[in-house]
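Structural features, examined
Okay, here's what each chain looks like letter by letter:
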Amino acid sequence: SQKIEQNSEALNIQEGKTATLTCNYTNYSPAYLQWYRQDPGRGPVFLLLIRENEKEKRKERLKVTFDTTLKQSLFHITASQPADSATYLCAPLTGNEKLTFGTGTRLTIIP
Amino acid sequence: NAGVTQTPKFRILKIGQSMTLQCTQDMNHNYMYWYRQDPGMGLKLIYYSVGAGITDKGEVPNGYNVSRSTTEDFPLRLELAAPSQTSVYFCASSSRQKLNTEAFFGQGTRLTVV
């Protein structure tokens, strides 16, 4: 069955450093991959989408890579700030109708 | 812009009671989804719809029902509530007219079954 795994439940990073989150998927071949941010008590908010023919996508301090051979996406936050603390979710998409998410990684940026 | 609106925000149900969680979107999106999120856990897809009159099961549909009579509304029905249905429920919508655009989420409904 299809499975989406995100590297760790929790990640603590010192302010100013780069945070790297991992999303691995098995048993399917997504054409797209989305990343969302979720703050406590709130619904997820879309951050970035990367297509299978794009190796890398950037938006301000965010960078996403997509390796279809490794079946993995990496999500980087550079020059991290305490305001970046949140749970980050990945959602690989095959182009069919379902939208399913990984388990999420809770990121804490330590001042 | 209201976006995706869920009602109620909070609800306490007794075991065996029924209720409907309401979800409305004003963005003319064809795709709509219902998720549940247990404390400290990820989002689990309950049901989804690709347009009015069309619904399909997600990962955890047991104990729930949905309908999609209009583009705007996608209510989730709980029959015979059980403590295992205590969770936060999120509704989402997306257009998918341009392939795989972002999903917009409601603010959630926190449901406790006692």
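Residues numbered from 1 in each chain as written. Chains lettered and ligands numbered in written order. Predicted model: local features only at pLDDT ≥ 70, side-chain atom pairs only at ≥ 80, totals over all residues. Heavy atoms only, no water.

Attention now moves to the overall build of chain B. Within chain B one finds 0 helices and 11 strands. Put simply, chain B runs from its N terminus to its C terminus through helices and strands in the order β-β-β-β-β-β-β-β-β-β-β. Considered along the principal axes of its C-alpha atoms, chain B spans approximately 45 × 25 × 25 Å. By sequence separation, contacts in chain B at least 24 residues apart represent 55% of the contacts at least 6 residues apart. About 5,500 Å² of surface is accessible on chain B, with carbon and sulfur atoms providing 52% of the total. The centroid of the 11 positive side-chain charges in chain B is displaced by 6 Å from the centroid of its 8 negative side-chain charges. (Helix = DSSP H or I, 4+ residues; strand = E, 2+ residues; numbered from the N terminus. Contact = heavy atoms within 4.5 Å. Areas by Shrake-Rupley, 256 points an atom, 1.4 Å probe, with all protein chains shown as cover. Lys, Arg positive; Asp, Glu negative; His and termini not counted. Charge placed at Lys NZ, Arg CZ, Asp CG, Glu CD.)

What follows covers the pattern of salt bridges. Residue and element names in this part refer to chain A. If you walk through the whole model with that rule in mind, you get 7 salt bridges over all chains. As a salt-bridge pair, Glu5 and Lys3 come within 3.6 Å of each other at their nearest N and O atoms. Residue classification places Lys3 among the partly exposed positions, given a relative accessible area of 45%. A salt bridge links Lys57 to Glu54; the nearest nitrogen and oxygen atoms lie 3.9 Å apart. (Salt bridge = Lys/Arg side-chain N within 4 Å of Asp/Glu carboxyl O. Buried < 20%, exposed > 50% of the residue type's maximum accessible area, 1.4 Å probe, protein only.)

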